[in-house]
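Spelled out, the chains give:
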Amino acid sequence: MIKLKKLSNGFEYLQIQNDSATVKIALQGAHIFEYKRRDEDILWLSETSDFELGKAIRGGVPICWPAFGMNNPELPQHGFARTSLFEFISSVEVDSDTTVVDLRLTHSEDSLKLWNYKFELVLKVTISDKLTMELKTTNLDEKEFKLTQALHSYFKLSDISNAVVKGLNNKPCFDALTNKTNIQNGDITFNQEFDKVFQEVDCELILQDKEKTISINNEGSSSVVVWNPWIDKCSKMSAMKDDAYRKFVCIESANAFEDFIVLKPKELDTLKATIY
Ligand code: BG6
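None of these values were measured; they are calculated from a predicted model.

> Would you mind going over the environment of phenylalanine 248 with me for this structure?
One can find phenylalanine 248 in strand β20 (residues 248-255). On a C-alpha basis, the gap between phenylalanine 248 and lysine 210 in space is 13 Å, while along the polypeptide they are 38 residues apart.

> Hey, could you run me through the sheet that holds strand β2 (residues 12-17) in this one?
Paired through backbone hydrogen bonds, the strands of a sheet run either parallel or antiparallel to each other. Ordered by their spatial adjacency, five strands build an open sheet running β1-β2-β3-β4-β5, and the pairing between neighbours is antiparallel. For this open sheet the edge positions go to β1 (2-6) and β5 (40-41), each flanked by a neighbour on one side alone. Taken together, the five bridges between β1 and β2 define a ladder with antiparallel strand orientation. Note that in β2 the partner of isoleucine 2 across the bridge is isoleucine 16.

> It is not clear to me how the nonpolar core should be interpreted in this structure. Could you clarify?
Soluble globular proteins: nonpolar side chains tend toward being buried together. Counting residues in hydrophobic clusters, the biggest one holds 70 residues, and the most contacted among them are Trp65 and Phe190. For this core, the element with the most residues is strand β9 (residues 119-127), which contributes five residues. Dropping the residues within four chain positions of it, tryptophan 65 is found in contact with His78, Gly79, Phe80, Ala81, Trp115, Phe119, Leu121, Leu135, Thr137, Leu147, Thr148 and Gln149. In terms of nonpolar packing, the next biggest core, distinct from the first, is built from eight residues, Phe174, Val225, Ala254 and Ala256 among them.

> What is the right way to look at the packing of aromatic side chains in this model?
Think of a pair of aromatic rings as described by two things: how far the centres are apart, and how the planes are tilted against each other in angle. If you walk through the whole model with that rule in mind, you get 20 aromatic pairs. The interplanar angle of 50 degrees and the centroid separation of 6.2 Å between the aromatic rings of phenylalanine 80 and phenylalanine 119 together place this pair among those described as tilted. Taken as a pair, phenylalanine 80 in the loop between β6 (63-64) and β7 (87-95) and phenylalanine 119 in strand β9 lie far apart in primary sequence, 39 residues in all. The burial state of phenylalanine 80 is the same as that of phenylalanine 119; both residues are buried. A connected cluster of aromatic rings, assembled from ring pairs, spans Trp65, Phe80, Trp115, Tyr117, Phe119 and Phe145. When the ring centre of tyrosine 276 is taken as origin, the NZ or CZ atom of lysine 130, which lies over that ring, is 5.0 Å away. The ring of phenylalanine 260 is capped by lysine 146, whose NZ or CZ atom sits 4.2 Å from the centre of that ring.

> Just checking my understanding: could you explain the pairing of strand β3 (residues 21-26) for this structure?
Each regular strand shows side chains that alternate between the opposite faces of the sheet. Counting buried positions along β3 yields six of six residues, so the element is predominantly enclosed. Here β3 shows two buried faces, one formed by Ala21, Val23 and Ile25 and the other by Thr22, Lys24 and Ala26. In textbook terms, the turn of a hairpin is the stretch between consecutive antiparallel strands, and for β2 and β3 this stretch comprises three residues. Bridging between β3 and strand β4 (residues 31-37) involves six bridges; their strand directions are antiparallel. Paired with isoleucine 25 across the two strands is isoleucine 32, which belongs to β4. Taking the residues that link successive antiparallel strands as the turn, the β3-β4 hairpin has four residues, and the phi of glycine 29 there is positive, at about 80 degrees.

> How do you make sense of the environment of serine 91 when you look at a structure like this?
Relative to the helices and strands, serine 91 resides in strand β7. A relative accessible area of 33% means that serine 91 is categorised as partly exposed. Each C-alpha atom of the pair serine 91 and glutamate 204 lies 28 Å from the other, and the pair is 113 residues apart in sequence. The residues touching serine 91, leaving out its near neighbours within four places in the chain, are Ile2, Val100 and Val101.

> Is there a simple way to explain the sheet that holds β20 in this structure?
Across the sheet, which stays open at both edges, the seven strands sit in the order β6-β12-β20-β19-β16-β14-β15 with antiparallel pairing between neighbours. Of all strands in the sheet, those bounded by a partner on one side alone are β6 and β15 (180-183). Across five bridges, the pairing between strand β19 (residues 223-228) and β20 is antiparallel. Each residue of the ladder has a partner; that of serine 223, found in β20, is alanine 254.

Basis of the calculations
- Residues numbered from 1 in each chain as written.
- Predicted model: local features only at pLDDT ≥ 70, side-chain atom pairs only at ≥ 80, totals over all residues.
- Heavy atoms only, no water.
- Helix = DSSP H or I, 4+ residues; strand = E, 2+ residues; numbered from the N terminus.
- Pairing = 2+ DSSP bridges.
- Core = buried A, V, L, I, M, F, W, Y, C linked by side-chain atoms within 4.5 Å.
- Buried < 20%, exposed > 50% of the residue type's maximum accessible area, 1.4 Å probe, protein only.
- Contact = heavy atoms within 4.5 Å.
- Phe/Tyr/Trp six-rings, centres within 6.5 Å; stacked < 30°, edge-to-face > 60°.
- Lys NZ or Arg CZ within 6 Å of the ring centre and 35° of its normal.

Shown next, in the form of structure tokens:
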């Protein structure tokens, strides 16, 4: 079942429910802000998040596009897609457990002022006992463009002290807090601010929490961002309670820094992440 819902301020989102899962996707940013499987929330959403046009939702899966972070200093942090209004183009109820939804953003007068390229960006979401997100960029311009991007997933935790991220041992990583590149030694646990971009990632990642294990499989990308703001940064961030950092970790499927994409006219790029 798919419903288009509207908040009292006019903010619209899709609610998709099948026998496996419930998903909510805001039209602004094609932003998945809930993925509930067997009544369990897999994604974290800030209790104090804004649901207002022009403000990014805090939590769920923001789409960072056409630039990750400040990879393109001429664009706002994480690009403009997360605050742009997508169009709901299609949905297919494949069977009682599986629904596929497509949302689309194309260039506009406003986007061309920020980033002078014609494009089509489609998010295809497959909802079942897995959540699959395919972010498809087509270059509709006559010149090539460079892209960095991320599916910036916020995973809900019992507590940050229980979180272990596996699969990144021995991978080179850029530490955004020290601006240095080093090699990850072992699994990742958290006891301070953490903001690293891992490179050469070619295997499945595992997030281990106290009671659950989540797998993350990426295609079309070899960079992964792992982020937790910890105490000081969390208290200064928008739409986050002071202790919110205890309840999530971000594991972001990305093309960032050296792992950028160059798209020639008419070419298509797909960044795909599956969470299960
Ligand atoms: C992460 C970055 O991807 O996003 C962090 O690595 C950043 O440096 C975080 O703080 C949140 O960004 P924003 O723009 O949503 O506050």
